[in-house]
Amino acid sequence: MDLTRVAVKGTGGHQIGRGARSHQGLQESNLFTSHLSSVSFDSLLIAANLIETCLEQMKHIHAQLNLDSLRPGKAFQRKKDDNLSKELKLVMQLLRNCFFQNENCKAAALGTHLISILHSLWPWLLMDDSLMQTALHLLCVYTANYPSGCGSLCVSSSGLSPLQTAQRTAAGNSLMHSIVKLASQTPAENSVIQQMTFNLLANLVISHDCKGILQKNNFLQNFLSVSLPKGGNKSLGSLAVAWLKLLLNLSFGEDGQQMIVKLNGSLDQLIEMAKFKHRSNPNIILLIVHNICFNPANKPKILANDKAISLLSDCLESDSPAAQRIGASALWALLHNYQKVSIYFFTFSPLVNTFTHKHCNFYLCIVLHIIPFY
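Residues numbered from 1 in each chain as written. Predicted model: local features only at pLDDT ≥ 70, side-chain atom pairs only at ≥ 80, totals over all residues. Heavy atoms only, no water.

We now examine the layout of surface pockets. Here the largest pocket defines a volume of roughly 350 Å³. Along the walls of the largest pocket sit 19 residues, with A274, K275, P282, L286 and L311 positioned nearest its centre. Considering each element in turn, the lining of the largest pocket owes the most residues, 5 residues, to helix 15 (residues 306-315). Partitioning the lining of the largest pocket into residue classes produces 11 nonpolar, 4 polar and 4 charged. (1 Å grid on protein atoms, 1.4 Å probe; cavity = no way out; pocket = protein on both sides within 12 Å on 5 of 7 lines; lining within 4 Å. Points joined across faces, edges and corners; volume = space filled by probe spheres on them. Helix = DSSP H or I, 4+ residues; strand = E, 2+ residues; numbered from the N terminus. Nonpolar A, V, L, I, M, F, W, Y, C, P; charged D, E, K, R; others polar.)

Right, let's talk about the pattern of salt bridges for a bit. The tally for this structure, following the rule as stated, stands at 3 salt bridges. For K59, the salt bridge is made with E56, and the minimal N-O distance between the two is 3.6 Å. Linking K59 with E56, this pair stays in helix 1 (residues 2-68), spanning 3 residues, or about one helical turn. Residue E272 is joined to K275 by a salt bridge in which the shortest nitrogen-to-oxygen separation is 3.2 Å. Judged by its relative accessible area of 57%, K275 falls in the exposed class. (Salt bridge = Lys/Arg side-chain N within 4 Å of Asp/Glu carboxyl O. Buried < 20%, exposed > 50% of the residue type's maximum accessible area, 1.4 Å probe, protein only.)

Turning our attention to the packing of helix 7 (residues 175-185) against helix 8 (residues 191-204). Two elements in contact, helix 7 and helix 8, have axes separated by 9 Å at closest approach and are oriented at 135°. With respect to each other, helix 7 and helix 8 are oriented oblique. For helix 7 against helix 8, the interelement crossing comes out left-handed. Counted together, M176, I179, V180, L182 and A183 of helix 7 and I193, T197, F198, L200, L201 and L204 of helix 8 form the full contact between these two elements. Of the residues contributing to the contact of helix 7 with helix 8, the split by class is 10 nonpolar, 1 polar and no charged. (Axes fitted to C-alpha atoms, helices over the stretch in contact; angles between N-to-C directions. Parallel < 35°, antiparallel > 145°, perpendicular 65-115°, else oblique. Left-handed = near helix turned anticlockwise from the far one by under 90°. Contact = heavy atoms within 4.5 Å.)

Attention now moves to the nonpolar core. M58, F99, M176, L201 and F219 are the most contacted members of the largest nonpolar core, which totals 99 residues. Each residue touching L201, except ones within four places of it in the same chain, is listed here: M176, I179, V180, A183, L214, F219 and L246. (Core = buried A, V, L, I, M, F, W, Y, C linked by side-chain atoms within 4.5 Å.)

Take H177: it is sitting in helix 7. Looking at H177, the relative accessible area reads 14%, which means it is buried. Polar side-chain contacts of H177 include one of 2.6 Å to the side chain of S174. (Polar contact = N/O pair within 3.5 Å; in protein donor to acceptor, adjacent residues only side chain to side chain.)

So, about the confidence of the model for the protein chain. Note: predicted coordinates in regions of low pLDDT should not be interpreted at a detailed level. Across the protein chain, pLDDT averages 79, with 71% of residues at or above 70. Considering only residues more than four positions removed or in separate chains, one finds that residues 25-39, a stretch of pLDDT under 50, has 0 contacts. The model gives residues 159-170 a pLDDT under 50, and that stretch makes 21 contacts with residues more than four places away or in other chains. (pLDDT = per-residue confidence, 0-100.)

What follows is the structure, given as structure tokens:
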């Protein structure tokens, strides 16, 4: 009996011991989680302070550049300006690294005067390609996958917080307007600046405000004047490729899809570009056409363009499975919930003749999709 009681006591004591250790482990886990939260908060606070310090330094450099420009002594002034330029470049690189894939740091910068400071420095950036490249790189990193940051570029540089959206300007006094102007006027010889400007615009078109500025400035009209390769050259030039990247991002939104199709001649220009090679993304033009097919307002104009339909139908005979899928998906999008297309698909011989025995299932789906309209 005594042994039994001892055994029971021993067992009970062992269970209590385990419970105590479990409770202790829970406390340690909570302390560790609290420590991580504290570390995360501290790192965010440090980043916010770093951003604020960098911005103050940029303000100081801007003021110094303005003062030095009024003083005599060109040789001394040039040397001092070079030092200030190096310092400004270093500060912008530091901010760029801080923003890289860090939404918390981007959010911390959103309520600051980052954009207004860059806008005030813009005349100086225009005079120095190296500084402009650094600034554009900073803006590319800052706006990447960050719609709020993109929208902040549309705010008037009146020194107000970017969060005060009531101050959005229609008079052209924003950093976004300056970027659009830079993209429109940069000579082809300066390909690095041109590429970086278009990369930035490709980021910015996810913002409704940025798209509005592009539309008001008729920026997309420049796409129609992009020169295509001549002679034996079968590859698209760097400017054409930059435009395609911009249009692809623009085509992800309904308003962007309409902007592309409303531009008279844009479809023909895209189809003409499809004749040439694009090394890094051979299906980029197909993807743009594919995306605009999903907008109901665009369907009549696309269906009225024989070349566009031929481009999509040719995809079904392509050796590339990716091109086949894109073409089939685009044609399916044109069919969906659009009664007028039924007669068109049966009477447009180039498309019907394209279907071979390999596409019987797809053609059957078209027929089944059309039948409910009758």
